[in-house]
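Read off the chains here:
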Amino acid sequence: MEYRQLGKSTLHISRIGFGAMSLRPLENNVQDLLFSAIDKGINFFDTADLYDKGLNETALGQALKGKRQDIILATKVGNQWRQDGSGWDWNPRKAYILKAAEESLKRLQTDYIDLYQLHGGTIDDPIDEAIEAFEELQKAGKILYYGISSIRPNVIREYVQRSHITSVMMQYSLLDRRPEESCLQLLLDHQIGVLARGTVAGGLLVNKPAVDYLGHPAAAIAGVQEMIGTVAGVHSNGAETAIQFALKHPAITAAIVGIRTPQQLQDAIQSIGKPALTAKELLILQEAAPALLYKDHR
């Protein structure tokens, strides 16, 4: 496994992060899968209080409590479940962030969270209030670092200018290259780590039938699938090639891959250590799926 420093922090994280959203907390194999990931070199585990109404954090905390010193634990805040369980509402207020952090700490069975992330964000949020909450938690030692999980360029710019974020988690893949327009270089210039999610585009770059995706019509997706299959011939399979594509960009610190099965874990791990994409292969892939631009939140 390879490791990279996350932004300006002291955290050195595995280039493959374990995205816990795909876990099924009540299944019996959760601990075995997490331990297997650690054995294979993964040290970064990402969850959120939103997932499974907190059960995802609970399962992760229970499974990993004996491995706390070996791992880097990240979770997210901002989406508040309604009392009747019918859905959630966006809440970036300071009081809620402080309260939610305490609840996440209990579910995760830990005294501190390595990386606490705002799980979304809009330009109309009380941004300074949210920042104040994160920095208060940081001073109290309840979190080590904080970041945001957002694809909105206008929100990302505000946090770059007004906060001390360590990282930004955003969707980035061969089929979603929108961050290349303005976000990735901005974050690279400010030494803010980028955690790429959605690197296999919901399975479209692995084995799912072609459908319309973002601004790409299904016919174009089919062409990309054929092309990635050709390139993947040298790199074992489409999942590995798709992850390699995302990691190739210098702004990307790690790919956070949703993992639910041993095979998905194996595919993710094998993307590290394989022959890197050549400049020619990279160009072939880029030409197969031209970069689109964000239409909103610019």
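A brief structural summary. (Residues numbered from 1 in each chain as written. Predicted model: local features only at pLDDT ≥ 70, side-chain atom pairs only at ≥ 80, totals over all residues. Heavy atoms only, no water.)

1. A closer look at the pairing of strand β3 (residues 16–19)
No. 1: Residues I16 and F18 of β3 are buried on one face, and the alternating residues G17 and G19, pointing to the opposite face, are buried as well.
No. 2: Judged from the two bridges that link them, β3 and strand β4 (residues 44–46) form a sheet pairing that is parallel. Bridged to F18 within β4 is F45. (Buried < 20%, exposed > 50% of the residue type's maximum accessible area, 1.4 Å probe, protein only. Helix = DSSP H or I, 4+ residues; strand = E, 2+ residues; numbered from the N terminus. Pairing = 2+ DSSP bridges.)

2. Here's the deal with the packing of helix α1 (residues 30–39) against helix α2 (residues 55–64)
No. 1: Their axes nearest at 10 Å, the elements α1 and α2 cross at an angle of 60°. Where α1 crosses over α2, the two elements pack in a sense that is right-handed. Contact with α1, carried on its side by Q31, L34, F35 and I38, involves L60, Q62, A63 and L64 of α2 and no other residues of that element.
No. 2: When grouped by side-chain class, the residues that make up the contact of α1 with α2 number six nonpolar, two polar and no charged. (Axes fitted to C-alpha atoms, helices over the stretch in contact; angles between N-to-C directions. Left-handed = near helix turned anticlockwise from the far one by under 90°. Contact = heavy atoms within 4.5 Å. Nonpolar A, V, L, I, M, F, W, Y, C, P; charged D, E, K, R; others polar.)

3. Quick notes on the pattern of salt bridges
No. 1: The tally for this structure, following the rule as stated, stands at 14 salt bridges.
No. 2: Between D114 and R68 there is a salt bridge; the shortest N-O distance is 2.9 Å. With D114 in strand β8 (residues 113–118) and R68 in the loop between α2 and β5 (72–77), this residue pair connects regions lying 46 residues apart in the sequence.
No. 3: The exposure class assigned to D114 is buried, which follows from its relative accessible area of 3%. (Salt bridge = Lys/Arg side-chain N within 4 Å of Asp/Glu carboxyl O.)

4. Focus on the sheet that holds strand β12 (residues 252–258)
No. 1: Spatially, the eight strands close up into a barrel ordered β3-β4-β5-β8-β9-β10-β11-β12, and their pairing is parallel. Averaged over neighbouring strand pairs, the angle between their axes works out to 30° when direction is ignored.
No. 2: As paired strands, strand β11 (residues 193–197) and β12 are joined by four bridges and run parallel to one another. By the bridge assignment for β12, R197 is matched with I256.
No. 3: Across the sheet, helix α5 (residues 153–162) is in contact with β8, β9 (143–149) and β10 (167–171); its angle to β9 comes to roughly 150°.
No. 4: Its contacts with the sheet put helix α8 (residues 238–248) on β3 and β12, and the angle it makes with β12 is roughly 150°.

5. Some points on the nonpolar core
No. 1: In this structure, F18, F45 and Y116 are the most contacted members of the largest nonpolar core, which totals 77 residues.
No. 2: Apart from residues lying up to four places away in sequence, F45 is in contact with F18, L34, A37, I38, L60, L64, I71, I72, L73 and A74.
No. 3: Formed by 12 residues, the second largest nonpolar core is a distinct cluster that contains I13, M169, L195 and I256. (Core = buried A, V, L, I, M, F, W, Y, C linked by side-chain atoms within 4.5 Å.)

6. So, α1
No. 1: For α1, the full list of buried residues reads V30, L33, L34, A37 and I38. Seen end-on, α1 carries its buried residues on one side only, within an arc spanning 140°. For α1, exposure combined with an orientation more than 90 degrees from the buried face picks out D32 and D39.
No. 2: Buried residues belonging to α1 abut β3, β4, α2 and α9 (262–270). (Arc of directions from axis to C-beta.)

7. A word on α8
No. 1: Extensive coverage of α8 is indicated by the burial of 10 of its 11 residues.
No. 2: Those residues of α8 lying buried are G238, A239, E240, T241, A242, I243, Q244, F245, A246 and L247.

8. Here's the deal with the packing of α8 against helix α10 (residues 279–288)
No. 1: Packing of α8 against α10 brings their axes to within 11 Å, and their N-to-C directions diverge by 100°. It follows from the interaxial angle that α8 and α10 lie roughly perpendicular. Only L282, L285 and Q286 of α10 make contact with α8, whose side of the interface consists of T241, F245 and K248.
No. 2: The residue makeup of the contact of α8 with α10, split by class, is three nonpolar, two polar and one charged. (Parallel < 35°, antiparallel > 145°, perpendicular 65-115°, else oblique.)

9. Here we look at the pairing of β12
Two faces make up the sheet, and in a regular strand the side chains alternate between them.
No. 1: Taking burial as the measure, the seven residues of β12 include six buried ones, the bulk of the element.
No. 2: Across four bridges, the pairing between β3 and β12 is parallel. Among the inter-strand pairings, I16 is bridged to a residue of β12, identified as A255.

This is a description of form; function is not addressed.
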